[in-house]
Structures are given as C-alpha cells and as structure tokens.
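The residues making up each chain are set out below.
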Amino acid sequence: MAEESVKLLGYWGSPFALRVKWALKLKGIQYHYVEEDLPNKSPMLLQYNPVYKKIPVLVHDDKPLAESLVILEYIDEEWKQNPLLPIDPYERAKARFWAKFADDKCVPPVMAAFSKKGEEQERAAKEARENLKTLESGLEGKRFFGGETIGFVDIAAGWIGCWARMTGEIIGINLIDAETMPLLDAWFQDFLEVPFIKECMPPQDKLLEHNKEFHKILTAAST
Amino acid sequence: MAKNDVKVLGAWPSPYVMRPRIALNIKSVNYEFLEETFGSKSELLLQSNPVHKKIPVLIHGDKPICESMIIVEYIDEVWTSGPSILPSDPYDRAIQRFWAAYVDEKWFAAMRGLRSAQGEERKAFLDQVTEGLALLEEAFGKCSKGKAFFGGDRIGLLDIAFGSFLGWLKVTEKVNGVKLLDEAKTPGLVKWAERFCADAAVKNVMPETEKLLEFSKVLAAKMKGAPPPKN
C-alpha cells in the first residue's frame with residue numbers, strides 16, 4: 001500500500017494523535033505524518049476537520065476522519081490484522097464502555113487538576129483518583145484490558161498513566177496511587193514498556209518541559 | 001426467544017432509553033421494559049450499572065450492557081438476521097459514529113444549556129443549537145444521498161442517535177417560542193423528522209410532545225428545589 005494513501009495530521013505532544021499512531025503501528029500500516037503547528041492550523045486541517053478543527057485527522061484515500069476513538073474503530077475495521085476489539089459482542093461492548101469511561105470520566109478531572117488551583121484542583125484530583133480506581137475494575141485482574149496482549153482500551157487509555165504521572169509531578173499531587181490502585185499502576189507500567197508503544201512515545205523530557213510551560217500559561221489564565 | 005431473556009431498564013421520557021428500544025424494534029426482538037420510578041433507582045439498576053447508575057441498561061440473559069450507543073451497536077452485532085443498523089463500509093460506519101458522537105457531545109449539550117440558561121447565555125446556546133442543526137442538515141444530505149434516512153432506505157445508527165432527541169427538540173421549541181427545525185433553513189431534516197417519528201420502529205416509543213412538556217415542567221420544578229450544584 002502506497003504511503004501516500006494514508007495520512008495522519010497530528011501534534012507531537014498530543015496523546016490523542018498518539019493513540020492513532022499506536023493503532024497504525026500495531027497494524028503495520030505505512031502512513032505519511034503531517035505535524036500541525038497548533039497556533040497556526042493549516043488550511044488542510046481546517047478543510048479536513050471543519051467541525052472541530054482539531055488533530056488527529058486520519059485521511060485514507062482522500063477521505064478524512066476526525067475524533068480519535070472513531071478513527072481507532074475505523075482502523076480496526078479497515079485493516080483486520082492484529083485486531084483491537086475482541087470478536088464477542090459482549091466483550092466488545094465492555095471494551096467500548098471502558099474506553100468511553102476513560103475519556104469521559106478520567107481525562108477531564110486529570111486535565112482539571114492540571115489547570116486549576118486551590119480547592120478546585122483538590123476536588124479534581126480526588127475525582128481523578130476515584131475514577132482511575134473505577135477504571136482499574138475494568139481490568140478484571142488481567143494484565144492488559146485486551147488480555148495477554150494490547151487491545152482497544154489499552155490503546156485508548158494507556159497514555160493516561162504517563163500524562164497523569166507527569167501532571168502529578170508538575171502540580172505536586174499524586175494522581176496514581178500504587179497502594180490503592182496497584183493493578184492500574186502495574187498496567188500503566190507494563191503498557192508503556194511494550195516495545196511498539198515505547199517507540200511511538202514523544203521524548204519524555206521534551207514532553208515534560210512542554211507541559212510545564214503549558215501549565216504556567218493555564219494557571220496564569222485561571223487567576 | 002423468551003421475552004424475559006432481553007430486558008431494558010429505562011424510563012419513557014429519556015431519549016437515551018429510546019435508542020435501544022428502537023434498535024430492538026428494528027431487529028424484531030421481544031423485550032421486557034422495566035420502567036424506573038422517577039427520582040429513585042432500583043436495586044437492579046444499581047447492580048447492573050454500578051459505574052454510572054444510569055438508564056438505559058440492556059440486560060441480555062445475565063449480561064448487562066450500558067451506555068445507549070454502545071447498546072445499539074451491541075444489538076446490531078448480536079441480532080444479525082435483522083436489518084443492519086450500521087452500514088457495511090468502514091468509512092460510512094465511521095461517519096455515522098462521528099455524527100452520533102457530535103450529536104451527544106456537542107449538539108445536545110447546547111440543547112441542555114438552552115434549557116437552563118437565562119438572558120444573554122440563552123442566545124449563545126440558541127446560536128450553538130441552530131449552527132449545529134445547519135451542520136446536521138448538511139450531514140443529512142451527504143449521508144442519505146437522496147434517500148429517506150441518514151442510514152439510507154432504513155433507519156440507521158445516526159437516525160437513532162439524533163432522532164431520539166426529537167421529542168425534547170419539540171418541547172424546547174414550545175418552551176422557548178422558537179422554530180429549530182425550519183422548512184427554510186433545514187428542509188431535509190424537517191421531512192426526515194416526520195418520517196423518523198412515523199416509522200414502525202419508533203412511533204410506539206417516541207413520547208407525545210404534550211406528555212413530555214408536562215414532564216419537563218415537573219423536572220424543572222424538581223431542579224429548582226434541588227440544592228445548587230457544586231462545580
């Protein structure tokens with residue numbers, strides 16, 4: 001398959017673009033990567049994603065798709081090797097449930113803990129920890145959400161471990177407690193050690209610096 | 001199949017609850033509808049959806065499935081002998097899912113904002129709602145390709161996702177004295193809405209607008225009596 005037939009518009013520091021990179025890597029799909037300068041979004045991005053004007057955008061044979069979870073399901077259905085979702089409909093429903101739970105209930109409080117101050121920050125951190133604990137129950141004691149190997153929920157939510165730890169370091173509040181959520185903690189670590197996952201990760205020191213800068217901007221704004 | 005092998009936990013006013021019911025109707029699957037009492041949650045609900053404690057829940061045998069659009073996809077995948085709810089082409093499926101997510105995350109969020117907003121805020125939400133409908137009108141043109149529904153000749157995933165909000169859309173029109181679906185601005189959607197509400201899979205589960213309007217007054221009164229939300 002020609003590299004040009006699959007294009008990914010992304011941003012190096014975005015975990016949502018990272019999910020798509022992971023899925024394409026897992027399936028062995030060659031693609032052309034376009035790095036967007038987010039303060040100066042390209043006309044191509046605005047044309048491909050007029051509704052949200054955001055990355056990631058996957059373009060396959062000139063057909064654009066936005067929204068990373070939608071993109072993940074598309075990738076899984078278009079390229080059948082190394083499936084992300086299980087075959088059984090009930091297991092698929094559970095996988096979709098936990099991916100949605102991570103996006104709707106874990107990500108927002110982690111981001112709120114990152115960008116707020118004082119009492120609001122404390123409340124957000126508490127909510128993040130509670131919801132991460134609930135996410136742990138979705139593991140059902142397995143090594144990965146996909147079982148012995150990486151699956152849909154792992155790709156969708158595995159990045160949260162790295163970002164939540166980084167957030168914790170920047171704001172001085174621990175969000176992932178190895179004592180109260182040992183299985184989740186182990187999962188995050190195992191996930192980030194998987195070779196193809198590790199390969200796609202942005203350089204950690206660059207990411208930390210970037211997020212520290214971002215944190216300064218956000219907290220100056222929220223005064 | 002025994003009727004009590006498939007249960008839906010829900011409540012008649014909820015657009016989210018309508019979705020699995022429409023999907024089961026499309027597949028001609030008999031199910032038991034267990035109505036939750038407004039203001040309280042049954043043991044069965046708390047047990048089968050411990051994470052969110054919300055309706056709808058589909059209980060198939062002993063397996064609970066939660067989150068309305070996840071339930072719809074489950075129904076489509078299990079009952080394969082009935083008409084398909086999602087198209088077969090992966091890109092078309094992705095487009096249906098994209099707009100279904102847009103309806104839930106952006107458009108209905110603006111509708112909810114409109115319901116509780118006052119003054120200047122109201123205008124802002126109303127603008128968001130009408131802009132969203134313009135986008136959905138365009139999406140309808142592209143998805144339907146001249147046919148009756150977003151899904152083509154038959155109701156599909158996006159019809160279910162968006163159509164389930166039509167009752168509340170009509171209530172919002174009445175309460176706010178506005179026309180949201182308009183023959184001039186959204187002609188495609190106006191006709192689609194009529195067809196959707198009249199469809200055999202929909203008409204017995206779509207609540208009557210008057211009934212929904214009465215309920216919305218009860219809901220508004222209850223919310224006024226509730227303690228102020230913490231943010």
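Refer to the preceding data block for the structure.
Residues numbered from 1 in each chain as written. Chains lettered and ligands numbered in written order. Predicted model: local features only at pLDDT ≥ 70, side-chain atom pairs only at ≥ 80, totals over all residues. Heavy atoms only, no water.

1. A closer look at the packing of aromatic side chains
Within the structure shown, the criterion is met by 30 aromatic pairs over all chains. Put simply, the rings of Tyr16, Trp107, Phe108, Phe140, Phe150, Phe162, Phe165, Trp192 and Phe196 of chain B pair up and form one aromatic cluster. Taking NZ or CZ as reference, Lys21 of chain A lies 4.6 Å from the ring centre of Tyr33 of chain A, over its face. (Phe/Tyr/Trp six-rings, centres within 6.5 Å; stacked < 30°, edge-to-face > 60°. Lys NZ or Arg CZ within 6 Å of the ring centre and 35° of its normal.)

2. A closer look at unusual backbone geometry
Look at the link from Ile55 of chain A to Pro56 of chain A: it is a cis peptide, with omega at 0°. Relative to the helices and strands, Pro56 of chain A is located in the loop between α2 (43–48) and β3 (57–60). With an omega of 0°, the peptide bond running from Ile55 of chain B to Pro56 of chain B counts as cis. Its place among the elements puts Pro56 of chain B in the loop between α2 (43–48) and β3 (57–60). Of note in this structure, Asp62 of chain A is not a glycine but carries a positive phi near 65°. Among the secondary structure elements, Asp62 of chain A is positioned in the loop between β3 and β4 (63–66). (Helix = DSSP H or I, 4+ residues; strand = E, 2+ residues; numbered from the N terminus.)

3. Details of empty space enclosed by the protein
Residues and elements named next belong to chain B. In the structure shown here, the tally under the stated rule is one cavity of 30 Å³ or more. As for the largest cavity, its lining consists of Trp12, Pro13, Ser14, Pro15, Met18, Ser164, Gly167, Trp168, Met206, Pro207 and Leu212. Elements that contribute at least two residues to the lining of the largest cavity include exactly α1 (15–26) and α7 (166–176). Class assignment of the residues belonging to the lining of the largest cavity gives a composition of eight nonpolar, three polar and no charged. (1 Å grid on protein atoms, 1.4 Å probe; cavity = no way out; pocket = protein on both sides within 12 Å on 5 of 7 lines; lining within 4 Å. Points joined across faces, edges and corners; volume = space filled by probe spheres on them. Nonpolar A, V, L, I, M, F, W, Y, C, P; charged D, E, K, R; others polar.)

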